[in-house]
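One-letter residues, chain by chain:
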Amino acid sequence: MAQRPPSQFATADGVTYHYHDLGSGDPVVFLHGGGPGCTGWSDFGPVADLFAADRRVLLVDILQYGRSDKCTIEGPMWDFHAAKTVALLDELGITRADFVCNSWGGTIALNLAAKYPDRVRSLVCTGSMPVFHGPLAPLPEGGRRGRNARDVYYGGAGPTREKMRELITRLEWFDGEKLPDKTVDMRYEQSLDPEEMALAAASDNPRGDWQDLTEELGQIQAPVLFAWGMYDDFLTPDYPLMLARMVPRGQLYVMDRASHHLQEERPHDYHAVVSGFLDQHV
């Protein structure tokens, strides 16, 4: 992973985002996943310089993560995140962007593409769960595997490096023996953020109301690439194949020897596939 770029902050519609801004050219917004300690840099640092060679790369910490505001969300959660992300684009003077997203961030971007179609040129999603049903196999743990893993991680005696390594190797990486200590340390240290720990311990629902985006998927006008790991432990590839058919311009790529974080496990291969998709005439 390259050296982390300088931190930048922007206040938009009453909330403050933390992000990294590197490269120049057409803007690409990267939105990370929802695992403990995830940030824009933790999820996309391994591919940031590759994309920044010919694009403007914006690695955003989504709200409630990283150094962005830990605000309480009320009402539909994906609507909240989409509206605030559009406000961030406005603050940064970006009228239209490509989005490259992992898991939680991809669901935000899918909803944004449906509700604000003129703001999204194209969209890449990895490991996202915008709907609560699957075509062949039932969703693991009723679609709650991520939330259950977060509860286990923060529960008991609380977070430890060992629990973080176990979580990542069990659910996010295909080959846990290749997981760098630096990645584990970065995620673990961020997971100790007092505000993130308070959110995890809250007895109410500070993350907002869950939304099923079945109707929204059919409204998306932008081309969408679902880039999936063959061994994703949250959702098997039959699930994104269903999503690709629900989106009018949906496509699916399945990467071998990868799980939930293929952009970290195989950064050069991930960049080759995604940049090729972004280079298409849309």
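How each quantity is defined
- One numbering rule holds for all chains: residues counted from 1, following each sequence as written.
- Only residues with pLDDT of at least 70 get local features here, since the model is predicted, and only at 80 or more are side-chain atom pairs given and counted; chain-wide, interface and lining totals rely on the full set of residues.
- Note that water and hydrogens are dropped before the side-chain values are worked out from all heavy atoms of the structure.
- The aromatic pairing rule takes the rings of Phe, Tyr and Trp, using the six-membered ring of Trp, and pairs them if the centres are within 6.5 Å, calling planes under 30 degrees apart stacked, those over 60 edge-to-face and the rest tilted.
- Strands are runs of DSSP state E lasting at least 2 residues, helices are runs of H or I lasting at least 4, and numbering of each runs from the N terminus.
- The buried label goes to any residue with under 20% of its type's maximum accessible area, the exposed label to any with over 50%, and the partly exposed label to all in between, with areas taken from a 1.4 Å probe on protein chains only.
- Only when the NZ of Lys or the CZ of Arg is both within 6 Å of the ring centre and within 35 degrees of the ring normal is a charge said to sit over the ring.
- By definition, disulfides here are pairs of cysteine sulfur atoms that lie within 2.5 Å.
- Definition used in this section: a nonpolar core is a set of buried Ala, Val, Leu, Ile, Met, Phe, Trp, Tyr and Cys residues joined via side-chain atoms within 4.5 Å.
- Only heavy atoms enter the contact rule, under which two residues are in contact if any of them lie within 4.5 Å.
- For two strands to pair, DSSP has to find at least two bridges joining them.
- Here an angle of 0 to 180 degrees is reported between the N-to-C directions of two axes, which are lines fitted to C-alpha atoms, with helices fitted over the stretch in contact.
- Handedness of a crossover is defined as follows: with both strands directed away from the viewer, a clockwise route from the first strand across the helix to the second makes it right-handed.

Caption draft 1: Local environment of the packing of aromatic side chains. Following the criterion strictly, the structure yields eleven aromatic pairs and no others. Summarising the aromatic geometry, the rings of Trp78 and Trp104 are spaced 5.4 Å apart at their centres and angled 75° between planes, so their arrangement reads as edge-to-face. Placement of Trp78 in helix H2 (residues 77–92) and of Trp104 in helix H3 (residues 104–115) is noted, with a sequence separation of 26 residues between them. A relative accessible area of 1% places Trp78 in the buried class. For Trp104, a relative accessible area of 9% translates into the label buried. Three or more aromatic residues joined by ring pairs form one cluster here, namely Tyr65, Trp78, Trp104, Phe132 and Trp210. The cationic tip of Arg147 hangs over the ring face of Trp210; the distance from NZ or CZ to the ring centre is 3.9 Å.

Caption draft 2: Main features of the state of the cysteines. If you walk through the whole model with that rule in mind, you get zero disulfides. Free of any disulfide, Cys71 has its nearest cysteine sulfur in Cys38, 17 Å distant. Cys101 forms no disulfide, and the closest cysteine sulfur to it belongs to Cys125, at a distance of 5.5 Å.

Caption draft 3: Just the nonpolar core, in detail. Ranked by internal contacts, the top residues of the largest apolar core, which has 65 residues, are Leu31, Phe99, Leu123, Phe226 and Tyr239. By residue number, the principal contributor to this core is H2, which donates nine residues. The contact partners of Phe99, leaving out residues within four places of it in the chain, are Val29, Leu31, Thr85, Leu89, Ala109, Leu112, Arg119, Val120, Ser122, Leu123 and Val124. Core analysis: the next-biggest nonpolar cluster, separate from the first, contains 23 residues, Trp41, Phe44, Val100 and Val124 among them.

Caption draft 4: Region of the structure containing the sheet that holds strand S10 (residues 250–255). What the eight strands build is an open sheet, ordered S1-S2-S4-S3-S6-S7-S9-S10; its pairing is mixed. Pairing within the sheet leaves two strands with one partner each, and these edge strands are strand S1 (8–12) and S10. Neighbour to neighbour, the strand axes of the sheet diverge by 25° on average, direction disregarded. As paired elements, strand S9 (residues 224–229) and S10 share six bridges and run parallel to each other. Residue pairing across strands places Val224 opposite Gly250, the latter belonging to S10. The strands that H3 touches are strand S3 (27–31), strand S6 (97–102), strand S7 (120–126) and S9; relative to S6, the one it contacts most, it runs at about 145°.

Caption draft 5: Up close: unusual backbone geometry. In this structure, Gln64 is a non-glycine residue whose phi angle is positive, near 80°. For Gln64, a relative accessible area of 2% puts it in the buried group. Residue Ser103 is not a glycine yet carries a positive backbone phi of 50°. The residue Ser103 is located in the loop between S6 and H3 in this model. Among the residues examined, Ser103 registers a relative accessible area of 16% and is labelled buried.

Caption draft 6: The arrangement of the pairing of S7 in detail. In terms of burial, S7 is a largely internal element, six of the seven residues being buried. In terms of strand pairing, S6 meets S7 through six bridges, oriented parallel. Looking at S7, one finds that Asp98 is bridged to Ser122. With H3 bridging S6 and the parallel S7, this β-α-β connection has right-handed handedness. Pairing geometry for S7 and S9, over three bridges, is parallel. Looking at the pairing, Val124 lines up with Leu225 of S9.

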